[in-house]
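Chain and residue survey
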Amino acid sequence: MEVSYNLRYQKSSFSNKVLLDKEGEVIVYAKGFRLKGKGAADKGELINFSEIKEFYYRDSKIFFITFSKEKYVLLEASTLFDQLLLDLYKARNEFLIDALFMKRGRLKAEFEGDFQRLSKFGKMINKGHAKLKLFEKSLVVAPENQDAFAIHYDFVNFHEFDDMEYVLKVVMDDGLTILFSKLGNDFEFFQEKMTEMLGGMYEGLVNNVLKEVFPEFHAETLLKLAYKMKGGKAVCLKDIQKMDKELAVAVDGYIFENEDFVSKTKMLRELVDEYGVFYGIAQDRAVKDNFIKWVMFAIPEKNVVAFSILPRWEQGGSVDVDSAKVQAFDTFFFKIIMEKGTPAEKVEDKIREIDQALVTLDFVKDPCYMDKRELRHSPYQYAIRKLPFLRILRKSYIGKVSAVDEKEWKKQVKDIFRSAELK
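Residues numbered from 1 in each chain as written. Predicted model: local features only at pLDDT ≥ 70, side-chain atom pairs only at ≥ 80, totals over all residues. Heavy atoms only, no water.

The subject of this paragraph is the sheet that holds strand β6 (residues 61-66). As summarised here, the arrangement of the seven strands in space is β4-β3-β2-β1-β7-β6-β5, forming an open sheet in which the pairing is antiparallel. What marks the edges here is a single partner per strand, and that holds for β4 (45-48) and β5 (52-58). Adjacent strand axes in the sheet meet at a mean angle of 30 degrees when their direction is disregarded. The sheet contact formed by strand β3 (residues 32-37) and β4 spans four bridges and is antiparallel. Paired with L35 across the two strands is E45, which belongs to β4. Set on the sheet, helix α1 (residues 81-99) makes contact with β1 (3-12), β2 (18-28), β3, β5, β6 and β7 (71-75); between it and β5 the angle comes to about 155 degrees. (Pairing = 2+ DSSP bridges. Helix = DSSP H or I, 4+ residues; strand = E, 2+ residues; numbered from the N terminus. Axes fitted to C-alpha atoms, helices over the stretch in contact; angles between N-to-C directions. Contact = heavy atoms within 4.5 Å.)

This part takes up helix α12 (residues 406-420). With 15 residues, α12 should reach 21 Å at 1.5 Å per residue; the first-to-last C-alpha distance of 21 Å fits that figure. Within α12 the residues assigned to the buried category are W409, V413, I416, F417 and A420. Viewed end-on, α12 has its buried residues packed into an arc of 105 degrees, placing them on one side of the element. Elements that come into contact with the buried residues of α12 comprise α6 (259-269), β17 (290-299), β18 (304-309), β20 (331-335) and β21 (397-401). Measuring from the side-chain oxygen of the N-cap residue of α12 to the backbone nitrogen of K407 gives 3.2 Å; that N-cap residue is D405. (Expected span 1.5 Å × (residues − 1). Buried < 20%, exposed > 50% of the residue type's maximum accessible area, 1.4 Å probe, protein only. Arc of directions from axis to C-beta. Polar contact = N/O pair within 3.5 Å; in protein donor to acceptor, adjacent residues only side chain to side chain.)

The subject of this paragraph is the packing of aromatic side chains. Inspection of the entire model under this criterion finds 32 aromatic pairs. Here the aromatic rings of F33 and F64 are separated by 4.9 Å at their centres, their planes lie at 85 degrees, and the arrangement is edge-to-face. Within this pair, whereas F33 is found in strand β3, its partner F64 is found in strand β6, the two being separated by 31 residues in sequence. As far as burial versus exposure is concerned, F33 and F64 are alike and both buried. (Phe/Tyr/Trp six-rings, centres within 6.5 Å; stacked < 30°, edge-to-face > 60°.)

A positive phi angle, close to 60 degrees, is found at S60, a residue other than glycine. Along the chain, S60 turns up in the loop between β5 and β6. Taking the relative accessible area as the measure of exposure, S60 reaches 47% and is therefore partly exposed. You will see that D362, though not glycine, has its phi angle at about 55 degrees, which is positive. Along the chain, D362 turns up in the loop between α8 (343-360) and α9 (366-369). Owing to a relative accessible area of 31%, D362 belongs among the partly exposed residues under this scheme.

Residues K53, K69, R391 and K395 make up a contiguous surface patch of positive charge. With respect to the element layout, K53 can be found in strand β5. Judged by relative accessible area, which is 40%, K53 ranks as partly exposed. (Patch = residues over 30% accessible without salt bridge, like charges linked within 9 Å, V, L, I, M, F, W, Y side chains within 5 Å. Areas by Shrake-Rupley, 256 points an atom, 1.4 Å probe, with all protein chains shown as cover. Salt bridge = Lys/Arg side-chain N within 4 Å of Asp/Glu carboxyl O. Lys, Arg positive; Asp, Glu negative; His and termini not counted. Charge placed at Lys NZ, Arg CZ, Asp CG, Glu CD.)

Okay, the pattern of salt bridges next. Tallied over the entire structure, the rule returns 27 salt bridges. One salt bridge in this structure joins K22 and D42, with 2.5 Å as the shortest N-O distance. With K22 in strand β2 and D42 in the loop between β3 and β4, this pair connects stretches of sequence that are 20 residues apart. Judged by its relative accessible area of 15%, D42 is buried. With a shortest N-O distance of 2.9 Å, R373 and D371 are connected by a salt bridge. Since its relative accessible area comes to 59%, R373 is described here as exposed.

Further remarks concern the pairing of strand β12 (residues 156-162). The two faces of a sheet get side chains in turn, since along a regular strand they alternate between them. Sheet analysis places β12 next to strand β13 (residues 167-172), joined by six bridges and oriented antiparallel. By the bridge assignment, E160 is partnered in β13 with K169. Two successive antiparallel strands, β12 and β13, enclose a turn made up of four residues, where Y166 displays a positive phi of approximately 55 degrees.

Spatial strand order, β11-β10-β9-β8-β14-β13-β12: seven strands in an open sheet with antiparallel pairing. Edge positions in the sheet fall to β11 (149-152) and β12, since each of these pairs with one other strand and no more. Strand-to-strand, the axes of this sheet are offset by a mean angle of 30 degrees, without reference to chain direction. Across eleven bridges, strand β8 (residues 107-118) lies against strand β9 (residues 124-135) in antiparallel orientation. Bridge pairing links L107 to F135 in β9.

This part covers the side chain of K350. Along the chain, K350 falls in helix α8. Judged by relative accessible area, K350 falls into the buried class, the value being 3%. A distance of 2.8 Å separates the side chain of K350 from the side chain of S396, its partner in a polar contact. When neighbours within four sequence positions are excluded, K350 is seen to be in contact with V305, F334, K335, I336, I392, L393 and S396.

This next bit is on the environment of A130. Secondary-structure assignment places A130 in strand β9. Its relative accessible area of 1% is what places A130 among the buried residues. In the structure, A130 is positioned 16 residues away from Q146 in sequence and 9.0 Å away in space, judged by C-alpha atoms. When sequence neighbours within four positions are dropped, the list of residues in contact with A130 reads F111, E112, G113, F115, V141, A142 and P143.

Glancing now at the packing of helix α2 (residues 187-213) against helix α3 (residues 219-228). In contact at an axis separation of 9 Å, α2 and α3 are set at 115 degrees when each is read in the N-to-C sense. Taken together, the axes of α2 and α3 are roughly perpendicular relative to one another. The handedness of the crossing between α2 and α3 is right-handed. For the pair α2 and α3, contact is made by Y202, L205, V206, L210 and K211 and by A219, L222, L223, L225, A226 and Y227, respectively. For the contact of α2 with α3, a count of residues per class yields ten nonpolar, no polar and one charged. (Parallel < 35°, antiparallel > 145°, perpendicular 65-115°, else oblique. Left-handed = near helix turned anticlockwise from the far one by under 90°. Nonpolar A, V, L, I, M, F, W, Y, C, P; charged D, E, K, R; others polar.)

Here it is in structure tokens:
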């Protein structure tokens, strides 16, 4: 994609001091655009979408602010303003879809329709007309003149098709509600494909993961677990016990099959009951025929939530204990941040943040805690700046415990507990 428009543009400092005011053109590329003044000698300025913190329009003007706090205004595009806006958002949204990990699986179908997005309090966030890109594990909504966003099926709490009003209502785990309408003659096909995608997630987890790990359990029992453990999300031990007590014992034994890990984490397990320990199992996207398993401890009394991703487990194989001691017992601790109330009241939000970060980023741990300078050239650079749950999680990071020696491991945990104490 490469299109250009004649216009005027301004560049200002963070204090609104005008640094540049030129007549020229904007050239829109796939990953950014160039602002160029008149004359062959003017090479212009290239701005990548990855540099833009805020992007909006008002009164035939387009505004954007970079992460380095420079402000730009595009104006006087005349009758071509609407088309310029469409082209900029089309290119920017393609960038956002990749940079914020909205695509999940293969593209299955595309539709067009209207959307409304409401907060958990029922307040309108935004609405408009958009292209709806239906992937195997996510629905990407790309509006004509607004930022794209995605619905990850793993975090869908409830969905309902209204066949009388031709509306789909989706409620997310965090209470966000999205309504889709005006799909015209495509509504029934849209309904069919969405139902197929949402149903296929549970079947895939059961057939490709849970049946391999727990072959002795009936598919119906495993389907209940799959519904809660979509994408590898962590499930509370108490919830698994409600499904099937024997399954709960099996899951617990599978997660804690390494004696060294059991011994080290005993001090954490003694601080939680069945409501405070969570287990997750997922297919490993990075290594064929491998599974990811992980555990999370929610300890509001210590003002922390911690997680550990355990050694990879191969189908038909076993854990490499020596490797596990060196690599797989890293445990990451996060403070429960709150403006008011108690840690116990906010612990659910912290659990959700960890779930969203790990599942969305395919269980890559680095973006959850690593310094942004170390991630400067990684594919997570923009995500750590723009994904709200990831930003909050990173801000709450206290430390990592990874000592091979058990005494040192426990000492590090105690140090973290002291750091997390409410002042």
